[in-house]
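These are the residues of each chain, in order.
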Amino acid sequence: MFPHTLGVRDVKRDPTGDPMTLHTPSRPRSPPGIAAPPPFSPSNGGSMAAAAAASGGRGPQRPRAPGRSPSPGGYPSSKPLGRDSFTSRRQEGFVSPGPRRELPGHRREPSRTGENEDSEEDEREDLAESSLLNKLLHTSLVENSHHVEVLQQDPSSPLFSIRTFEELHLKKELLQGVYTMGFNRPSKIQANALPILMAHPPQNLIAQSQSGTGKTAAFVLAMLSRVKGAERYPQCLCLAPTYELALQIGHVAEKMGRFCNDIRVTYAVQGNRVSPGTVLEEQIVIGTPGTMLDWCFKRRLLNMRRICMFVLDEADVMIDTQGFSSQSIRIQRALPKDCQMLLFSATFKETLWKFALQIVSRPIIIKLRQEELTLTNIRQYYFVCRNWEQKYEALCNLYGSITIGQAMIFCQTRRSADWLSVKMIQDGHQVAMLTAELSIVQRADVIQRFRDGKEKVLITTNVCARGIDVAQVTIVVNFGLPINRQKQPDFETYLHRIGRTGRFGKRGIAFNMVDSHSVHLVHCIEEHFQTKIKRLDPDCMDKLEELEN
Ligand SMILES: Nc1ncnc2c1ncn2[C@@H]1O[C@H](COP(=O)(O)OP(=O)(O)OP(=O)(O)O)[C@@H](O)[C@H]1O
């Protein structure tokens, strides 16, 4: 069906059960951080048994991708990516690049006049990358102590939540898949969302809860339970903002649906080229908005009138990505009126709400509030320093005066992060560095090593300002204050950075290092958060020692 030169498909063999067919595309270009599944040539028209037989029961043979080492079986693993690929790399002894003394093209000495941070582009957080990073880091459920809020159009209709997966009356193969994944009971968001997701007649839903709380597992379960395996045409469409995130969802579908022999998944993503005239047979199509639009309207690979479930994942990231909201809305408008619309997001901002209302009519809304970051447990200080060298001296004095468990040091640019890491390593500190230069898998590995206490200092930029829980971080240092393009304090980033310490009810300390021209920014932050940031003399060791008490 998919000729070798045009189509790329991947047939997976699951050692623990019957295989489920997944058509995994090759990555069109080198992704930042995730090893793309290498392509292979289908010679059997997609038949799973034929593919397995042709390869001696090991699954299809694939050419080795450049730079990838073969698996023990002599061919690369057919696993696409995701948690497993992260875990396996760790198990193979994958070592993060860690700090480097020389970073060609980046390492420069500070200017004599001062910080010179302005002359270089700041490292900014990429929301899609952060989502992927969070997915890789959340290898188990994130507990959330907040209550779930459920809002519905018709307050008189009964609401219920489930306590066990059995209550959903799933097909036995699907229930088996859920239990094989180690899910003993539904998470908070699942307990409330699943009865709505599986309701008859279908109900539209907007669900918000922080990363790692079980949203993906919830809608994947809903898709797998909604489709009719015996019918060979697309029934569920699922959109995600990036190729990697789409493949992550497919990876969950593969695991959960491993015993559902008749259900198949395909990917509407760049690089998955399908020959003209093809009519898709897979029941679940997961993709990015641009390619999905192309498949639906230009290439007409599927009949949109037969779609019964439309899922938008990472909706907050989607609206931040240019063009994606309008493309998603175009797709949604062509779907049948009774198609179930589901929207998932980690945050619930005003912009998201506007977008959601264009896509989802008369929705039930489920919100699980994020644990709030607060500054109440955190003592905040600032030093006025002339340049990077003096900031570094202040940092050394801190190390000489107070006991520091683990520290996170935030720099505004990769250059200052490079400079600082070299200095600290030269002085014998165990330092890890995390900047946008690292791939997502490498970033996850650096964070995991820091969490495990293998390094005591993490020097980073805004790429890791939020979402990373390291219980033992005792101090946070802003080697440069977070500022926006207008050179004003970036309050949100400040809160996220400082919020890395003082977590889980512990006390934390935050130090801000500023030059004399930036002191007013400290006062803006004080005013904004109605908090006190005390000035310290970087050279006065006695005062620093008092901080211990
Ligand atoms: N009911 C459950 N019991 C145990 N583990 C679960 C359960 N549901 C999900 N998990 C696991 O918890 C982790 C996070 O789940 P999931 O990816 O579904 O969360 P999410 O809210 O979609 O996160 P993200 O926003 O990062 O995509 C995964 O490792 C998943 O396998």
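Under an unreviewed UniProt entry, the name given to the protein is RNA helicase, and the source organism is Pavo cristatus. According to the UniProt record, the Catalytic activity (unreviewed entry) comment for the protein is "ATP + H2O = ADP + phosphate + H(+)".

Q: What's the story with unusual backbone geometry in this structure? I'm lost.
A: Generally, phi is negative for residues other than glycine and the peptide bonds are trans, each holding for most cases. For the bond running from His200 to Pro201, omega is -5 degrees, close enough to zero to count as cis. Structurally, Pro201 is set in the loop between helix H5 (188-197) and strand S4 (205-209). Of note, the phi angle at Arg300 is positive, near 45 degrees, even though the residue is not glycine. For Arg300, the position within the fold is in the loop between helix H8 (289-298) and strand S8 (309-312). Notably, Gln530 is not glycine yet its phi reads approximately 50 degrees, a positive angle. With respect to the secondary-structure elements, Gln530 resides in the loop between helix H16 (519-529) and strand S17 (533-536). In this structure Gln530 comes out as exposed when scored by relative accessible area, which is 68%.

Q: What is the right way to look at helix H14 (residues 440-451) in this model?
A: For an α-helix, the turn length of 3.6 residues means that residues three or four places apart are oriented alike. Over its 12 residues, H14 runs 16 Å from end to end, which matches the ideal 16 Å to within 8%, given 1.5 Å per residue. Summarising burial for H14: nine of the 12 residues are buried, a large majority. Where H14 ends, the next residue or the one after it, Gly453, has phi of about 80 degrees, a positive value.

Q: Help me out: how do you make sense of the UniProt feature "domain: DEAD-box RNA helicase Q" (unreviewed entry) in the protein in this one?
A: Per the UniProt annotation, the sites labelled "domain: DEAD-box RNA helicase Q" (unreviewed entry) are residues 163-191. Between the first and last C-alpha atoms of residues 163-191 the distance is 6 Å; the span itself is 45% helix and 0% strand.

Q: Sorry, what's going on with the packing of aromatic side chains here?
A: The geometry of an aromatic ring pair is captured by the separation of the ring centres together with the interplanar angle, meaning the angle of the planes. Applying the stated criterion across every chain, the model contains nine aromatic pairs. With a centroid separation of 6.5 Å and 85 degrees between ring planes, the pair formed by Phe165 and Tyr179 is classed as edge-to-face. On the criterion of sequence distance, the pair formed by Phe165 in the loop between strand S3 (148-151) and helix H4 (172-180) and Tyr179 in helix H4 is long-range, its members being 14 residues apart. Assessed through its relative accessible area of 1%, Phe165 is described here as buried. Residue class for Tyr179 comes out partly exposed when judged on its relative accessible area of 30%. Centre to centre, the rings of Trp419 and Phe479 are 6.3 Å apart; their planes meet at 35 degrees, and the pair counts as tilted. Of this pair, Trp419 sits in helix H13 (residues 414-426) while Phe479 sits in the loop between strand S15 (473-478) and helix H15 (491-498), and the two are 60 residues apart along the sequence. Accessibility expressed as a relative area gives 2% for Trp419, which makes it buried. The class of Phe479 is buried, set by a relative accessible area of 0%.

Q: Would you take a moment to explain the nonpolar core for this structure?
A: One recurring pattern in soluble globular proteins: nonpolar side chains tend to sit buried together. Judged by nonpolar contacts, the single largest core of 84 residues is most densely connected at Leu194, Leu197, Leu205, Val220, Leu221, Met223 and Ile284. Not counting residues within four places of it along the chain, the set of residues in contact with Leu194 comprises Ile162, Phe165, Leu168, Ala218 and Leu221. Trp295, Met304, Met341 and Ile359 belong to the second-largest nonpolar core, a separate cluster that totals 34 residues.

Q: Quick question: what am I supposed to make of the packing of helix H3 (residues 127-137) against helix H7 (residues 243-256) here?
A: In helix packing, the relevant descriptors are the interaxial angle and the interaxial distance, both defined with respect to the helix axes. With their axes 9 Å apart at the nearest point, H3 and H7 run at an angle of 30 degrees to one another. The angle between the axes of H3 and H7 places the two elements in the roughly parallel class. Where H3 crosses over H7, the two elements pack in a sense that is left-handed. Facing H3, whose interface residues are Ala128, Ser131, Leu132, Lys135 and Leu136, H7 presents Glu244, Leu245 and Gln248. Class assignment of the residues belonging to the contact of H3 with H7 gives a composition of four nonpolar, two polar and two charged.

The rules behind each value
- Residues numbered from 1 in each chain as written.
- Predicted model: local features only at pLDDT ≥ 70, side-chain atom pairs only at ≥ 80, totals over all residues.
- Heavy atoms only, no water.
- UniProt positions renumbered as here; feature names shortened; annotations may be inferred.
- Helix = DSSP H or I, 4+ residues; strand = E, 2+ residues; numbered from the N terminus.
- Buried < 20%, exposed > 50% of the residue type's maximum accessible area, 1.4 Å probe, protein only.
- Expected span 1.5 Å × (residues − 1).
- Phe/Tyr/Trp six-rings, centres within 6.5 Å; stacked < 30°, edge-to-face > 60°.
- Core = buried A, V, L, I, M, F, W, Y, C linked by side-chain atoms within 4.5 Å.
- Contact = heavy atoms within 4.5 Å.
- Axes fitted to C-alpha atoms, helices over the stretch in contact; angles between N-to-C directions.
- Parallel < 35°, antiparallel > 145°, perpendicular 65-115°, else oblique.
- Left-handed = near helix turned anticlockwise from the far one by under 90°.
- Nonpolar A, V, L, I, M, F, W, Y, C, P; charged D, E, K, R; others polar.

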